[in-house]
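In case you want the letters, here they are:
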Amino acid sequence: MIGIIGAMELEIARLREMMDEKKEEQISGVRFTVGSLFGRPAVLAVCGIGKTFAALCAQTMILRYNPEMIINVGVAGTLTDGLSIGDMAIGSFAVCHDMDTSPLGDPVGLISGINMVEIPLDGQMREAFEECCEKEGVRHLSGVIASGDQFVDSGERKAWIRNTFSAIACEMEGQAIAQVCYVNRKPCAILRSISDSADGTALDYERFKELAAEHSTAVLARFLRSEEYC
Ligand code: ADE
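The rules behind the values
- Residues numbered from 1 in each chain as written.
- Predicted model: local features only at pLDDT ≥ 70, side-chain atom pairs only at ≥ 80, totals over all residues.
- Heavy atoms only, no water.
- Phe/Tyr/Trp six-rings, centres within 6.5 Å; stacked < 30°, edge-to-face > 60°.
- Helix = DSSP H or I, 4+ residues; strand = E, 2+ residues; numbered from the N terminus.
- Buried < 20%, exposed > 50% of the residue type's maximum accessible area, 1.4 Å probe, protein only.
- Core = buried A, V, L, I, M, F, W, Y, C linked by side-chain atoms within 4.5 Å.
- Salt bridge = Lys/Arg side-chain N within 4 Å of Asp/Glu carboxyl O.
- Arc of directions from axis to C-beta.
- Disulfide = S-S within 2.5 Å.
- Near = heavy atom within 4 Å.
- Polar contact = N/O pair within 3.5 Å; in protein donor to acceptor, adjacent residues only side chain to side chain.
- Areas by Shrake-Rupley, 256 points an atom, 1.4 Å probe, with all protein chains shown as cover.
- Nonpolar A, V, L, I, M, F, W, Y, C, P; charged D, E, K, R; others polar.

**Some words on the packing of aromatic side chains**
(1) Moving on: Inspection of the entire model under this criterion finds 3 aromatic pairs.
(2) Moving on: Centre to centre, the rings of Phe129 and Phe223 are 4.5 Å apart; their planes meet at 35°, and the pair counts as tilted. Within this pair, whereas Phe129 is found in helix H3 (residues 123-136), its partner Phe223 is found in helix H6 (residues 202-225), the two being separated by 94 residues in sequence. The same class applies to Phe129 as to Phe223, namely buried.
(3) Moving on: Consider the rings of Trp160 and Phe165, whose centres lie 5.8 Å apart with planes at 85°: the pair is edge-to-face.
(4) Moving on: Look at Trp160 and you get partly exposed, because its relative accessible area is 33%.
(5) Moving on: Looking at Phe165, the relative accessible area reads 5%, which means it is buried.

**Observations regarding the nonpolar core**
(1) Moving on: Grouped together as the largest cluster of nonpolar side chains are 37 residues, with contacts concentrated most on Ile5, Phe32, Met61 and Ile177.
(2) Moving on: Per-element tally for this core: the top contributor is helix H2 (residues 51-65), with 6 residues.
(3) Moving on: If you look at the next biggest cluster of nonpolar residues, it comprises 26 residues, including Ile2, Leu15, Ala189 and Leu191.

**Quick notes on helix H5 (residues 174-183)**
(1) Moving on: For H5, a buried count of 7 out of 10 residues is recorded, marking the element as mostly surrounded by other parts of the structure.
(2) Moving on: Residues of H5 that are buried include every one of Gly174, Gln175, Ala176, Ile177, Ala178, Val180 and Cys181, and no others.
(3) Moving on: Positive phi appears at Arg185, one or two residues downstream of H5, with a value of about 55°.

**Observations concerning the pattern of salt bridges**
(1) Moving on: Overall, the coordinates contain 15 salt bridges when judged by the stated rule.
(2) Moving on: Put simply, Glu25 and Arg64 hold a salt bridge, and the shortest N to O gap is 2.7 Å. Of this pair, Glu25 sits in strand E2 (residues 20-27) while Arg64 sits in helix H2, and the two are 39 residues apart along the sequence.
(3) Moving on: Since its relative accessible area comes to 27%, Glu25 is described here as partly exposed.
(4) Moving on: Here Asp149 ties to Lys51 by a salt bridge, and the two come within 3.4 Å at their closest N and O atoms. Pair noted here: Asp149 is in the loop between strand E8 (140-147) and helix H4 (155-165) and Lys51 is in helix H2, with a separation of 98 residues, a long-range link.
(5) Moving on: What emerges from the salt-bridge pattern is a single network uniting Glu9, Arg16, Glu24 and Arg31.

**Some details on H4**
(1) Moving on: Of the residues making up H4, those classed as buried are Lys158, Ile161 and Phe165. All buried residues of H4 lie within an arc of 75° about the axis, which places them on one face of the element. Among the exposed residues of H4, those pointing more than 90 degrees away from its buried face are Glu156 and Asn163.
(2) Moving on: Ser166, located one to two residues past H4, shows a positive phi value of around 50°.

**A word on the state of the cysteines**
(1) Moving on: One pass over the structure, following the stated rule, counts 0 disulfides.
(2) Moving on: Between Cys133, a cysteine without a disulfide, and Cys132, which holds the nearest cysteine sulfur, the sulfur-to-sulfur distance is 7.2 Å.

**Let's talk about the site of the ligand**
(1) Moving on: Neighbouring the ligand are 13 residues; Gly77, Phe151, Val152, Glu171 and Asp196 lie closest to it.
(2) Moving on: Within the backbone of Gly77, one N or O atom sits 3.3 Å away from a nitrogen atom of the ligand.
(3) Moving on: Contacts to the ligand include Asp196, whose side-chain N or O atom sits 2.6 Å from a nitrogen atom.
(4) Moving on: A total of 260 Å² of accessible area belongs to the ligand in isolation, and the protein chains cover 96% of it.
(5) Moving on: Counting residues per element, the ones that place at least two in the shell around the ligand are strand E5 (69-78), strand E9 (167-171) and strand E10 (188-196).
(6) Moving on: A per-element tally of the shell around the ligand places E5 first, with 3 residues.
(7) Moving on: Here the shell around the ligand is composed, by residue class, of 8 nonpolar, 3 polar and 2 charged.

Written out as structure tokens, the structure reads:
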């Protein structure tokens, strides 16, 4: 079974429509939809905004459905000139930009306990998504995705996240899902379509989030439809 988590309804709604033999279950306030997507067993969930809800959803999904892998889809702000609105950011690593125990001598972003800043994401799925983007004609870039409980909307914060973590995109859930997957030894992928430039043009987000969600759904659908992957 493949697990798919989006933060918002619009990131998951189209996939839910495409799903056959649907069954719904509400656990800890999260709506899980189980069924078949292009003939593959899958579970979909809308986790809500931010890292706490994302972690709750990922851990619940693992305990309840035990998916072989989890894919986090959705939208993100770009941190680089190499990614514009509508393009796809594919995660190679996930970092938490608002985790900071540096007063204790740690590097900024260190996740204590597992002692790492960059959580590795699944390389095979990353390559598969790169191929799917090519086939869908969607521009893409792979790299570090930075998550935090903050909608990034200033040039200063954007530059700080990019320079501190060499990150290409920012969002609010991916790292939490990746961290939960890491401790549960589950492969995880992050696939995010760019909705805004994260630097004071938040209105772009309202204008482009639907288009961005459509792109990530199209790439994910291509991935699920193909015999080559999974
Ligand atoms: N998701 C989409 N755009 C974002 C931004 N600028 N900051 C955080 N999360 C986002």
